[in-house]
Amino acid sequence: MVAKSITYNTDWAVSGHAWAVNHLARSLSHDRVRHAYLITGPAGIGKTTLARAFAQALNCLSDETRPCGKCRACTLIAHDSHADVQIVQATGTTLKIDQVRDLQHTLSLRPVEGRYRVVILRRFDEATPQAMDALLKTLEEPAPYVVLLLTADSGDGLLATIRSRCQPVHLRLLPASTIRRTLETQFDVKGEQAALLAQLSAGRMGWAIRAAADESLLAQRTELLTLLEQAISQSRIGRFALAESLSKDSKDKELLHTALSLWQGYWRDVLLVMHSATTPITNRDHRHAIDQLAVGIGVEDVQRALTATQRTDRYLDENTNVRLALEVLMLDLPRMHLIPAPPG
Ligand SMILES: [Zn+2]
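These numbers were taken from a predicted model, which means no experiment stands behind them. (Residues numbered from 1 in each chain as written. Predicted model: local features only at pLDDT ≥ 70, side-chain atom pairs only at ≥ 80, totals over all residues. Heavy atoms only, no water.)

Let us now look at the overall build of the protein chain. Along the backbone of the protein chain there are 15 helices and seven strands. In terms of overall dimensions, the protein chain has C-alpha extents of about 80 × 45 × 30 Å along its principal axes. Each of the 344 residues in the protein chain was classed as buried or not, and the buried ones make up 47%. Sequence separation of at least 24 residues holds for 72% of the intrachain contacts in the protein chain that already meet a minimum separation of 6. Just so you have it, the protein chain exposes about 17700 Å², and 52% of that area is on carbon and sulfur atoms. Charged side chains in the protein chain number 39 positive and 37 negative. The centres of these two groups are separated by 3 Å. (Helix = DSSP H or I, 4+ residues; strand = E, 2+ residues; numbered from the N terminus. Buried < 20%, exposed > 50% of the residue type's maximum accessible area, 1.4 Å probe, protein only. Contact = heavy atoms within 4.5 Å. Areas by Shrake-Rupley, 256 points an atom, 1.4 Å probe, with all protein chains shown as cover. Lys, Arg positive; Asp, Glu negative; His and termini not counted. Charge placed at Lys NZ, Arg CZ, Asp CG, Glu CD.)

As for its placement among the helices and strands, Thr182 is situated in helix 7 (residues 176-186). Look at Thr182 and you get buried, because its relative accessible area is 9%. When the C-alpha positions of Thr182 and Ser15 are compared, they lie 7.1 Å apart, and in sequence the two are 167 residues distant. Each residue touching Thr182, except ones within four places of it in the same chain, is listed here: Ser15, Phe187 and Met205.

What follows concerns the coordination of the zinc ion. All of the protein donors around the zinc ion are Cys60 (SG), Cys68 (SG), Cys71 (SG) and Cys74 (SG); their distances to the metal are 2.3 Å. Its four donor atoms give the zinc ion angles of 103 to 119 degrees at the centre, a pattern that matches the tetrahedral case. One chain supplies every donor for the zinc ion, spaced along it as C-x7-C-x2-C-x2-C. One end of the pair, Cys60, is in the loop between helix 2 (47-59) and strand 3 (65-66); the other, Cys74, is in helix 3 (residues 72-78), and 14 residues separate them in sequence. (Donors = N, O, S within 2.8 Å, 3.2 Å for Na, K, Ca; no water. Tetrahedral: all angles 85-135°; square planar, octahedral: opposite > 155°, others 65-115°.)

Our next topic: helix 11 (residues 236-249). Over its 14 residues, helix 11 runs 20 Å from end to end, which matches the ideal 20 Å to within 8%, given 1.5 Å per residue. Taken residue by residue, helix 11 has Gly238, Arg239, Leu242, Ala243, Leu246 and Ser247 as its buried positions. Residues of helix 11 that are buried sit in contact with helix 10 (215-233), helix 12 (254-274) and helix 15 (322-331). (Expected span 1.5 Å × (residues − 1).)

As a further point, take the pattern of salt bridges. For the coordinates displayed, the defined rule picks out 15 salt bridges. The shortest N-O distance in the salt bridge between Asp80 and Arg52 comes to 2.8 Å. On the criterion of sequence distance, the pair formed by Asp80 in the loop between helix 3 and strand 4 (85-88) and Arg52 in helix 2 is long-range, its members being 28 residues apart. Beyond isolated ion pairs, a larger network of salt bridges with shared partners links Arg304, Arg311 and Asp332. (Salt bridge = Lys/Arg side-chain N within 4 Å of Asp/Glu carboxyl O.)

Within the fold, Arg163 resides in helix 6 (residues 160-163). According to the relative accessible area criterion, Arg163 is partly exposed, its value standing at 35%. On a C-alpha basis, the gap between Arg163 and Tyr37 in space is 9.0 Å, while along the polypeptide they are 126 residues apart.

Turning our attention to the sheet that holds strand 5 (residues 117-121). Spatially, the five strands line up as an open sheet ordered 4-5-6-2-7, and their pairing is parallel. With partners counted over all chains shown, the strands left at the sheet margins are strand 4 and strand 7 (167-170), one partner each. On average, each strand axis in the sheet is tilted by 20 degrees relative to the strand beside it, whichever way the strands run. As defined by bridge partners, strand 4 adjoins strand 5 across four bridges and the pair is classed as parallel. Following the sheet pairing, Val88 is matched in strand 5 by Leu121. Where helix 4 (residues 97-107) meets the sheet, its contacts fall on strand 4, strand 5 and strand 6 (146-152), and the angle it forms with strand 5 comes to roughly 165 degrees. Contacts between helix 5 (residues 129-140) and the sheet are confined to strand 2 (36-40), strand 5 and strand 6, with strand 6 contributing the most and set at about 140 degrees to the helix. (Pairing = 2+ DSSP bridges. Axes fitted to C-alpha atoms, helices over the stretch in contact; angles between N-to-C directions.)

It is worth spelling out the environment of Gln303 at this point. When you line up the elements, Gln303 lands in helix 14 (residues 299-315). Here the alpha-carbon distance between Gln303 and Cys166, two residues 137 residues apart in the chain, equals 42 Å.

On to helix 7, then. Inspection of helix 7 places Thr178, Ile179, Thr182 and Leu183 among the buried residues, and these make up the whole buried set. Burial along helix 7 is one-sided: seen end-on, the buried residues are contained in an arc of 130 degrees. Where helix 7 is buried, its residues contact helix 8 (191-200) and helix 9 (205-213). Where helix 7 terminates, the next one or two residues include Asp188, which has phi positive at roughly 60 degrees. (Arc of directions from axis to C-beta.)

Let's shift gears to the side chain of Thr40. Within the element layout of this structure, Thr40 appears in strand 2. With relative accessibility at 8%, the residue Thr40 sits in the buried group. Not counting residues within four places of it along the chain, the set of residues in contact with Thr40 comprises Lys47, Ala152, Asp153, Ser154, Gly155, Val169, His170 and Leu171.

Put into structure tokens, the structure is as follows:
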């Protein structure tokens, strides 16, 4: 009897990153799976999605082509509920040593139903040094069935000894055109909306898909950009009121970081228009106000607003009085009466 040969396809549940998928699929075809991979790239680029798809390929039950996306293993992994595929991430801000110790226990057990015990360690660059040290032990003597998939924004924050034991898989930012096409063809997002999301995503497919599915992400962005435009149009008193309301809304600093990063993008757009750059602006739906600023204020004004916004973003993590920091920022914004865009 001739055993049916199993092939590994590259038709994974991953958008873009074809070379990374090819690379991992090839390691499976040649039976050269490594014990640890380090998947890097900016937040929202699709690192966890790739890791999950790889876990499917590793444990798929099909005896024809893997991953099939349909078998019990593929389905359970897609829902993060396969017994042998575990996702570990920081419970607070950093991944702690206890989490790695728990993991070591799990890894000492043979897989329950799959061929491999796969652990996806998310944002491992933010793990404590002790947690990294503890993981090193596991990387030094892994059981044959263990595959660790570490994700990180970049490899720089990791111990060199960890980096050297992992196969690197670096995900690159995707062109806006690829993201737009994927949103239109695979996620049924309409033209202008797809173009906007593609531009806003700054090359991060994962972010674009999340934003397409979760309207609140875009709604929050609109609110925060509108707040900035209101501040620009208002006097000091009005600005302080805005600073106060934003500081009250921000129980955690996440919202503020989001606001400040959006505002930096906004000022960069004004600079792009001022310099008649060919690079497309990010906030294309705010073009009307951005154009007015580009002709109505000076380059130094924009530079000052941008620098102040970056500085505030850095200060936020230093236990600063948030309201005061925002008030100071408000004083560094140029003042100009912005005419609202005509409807439609
Ligand atoms: Zn399958």
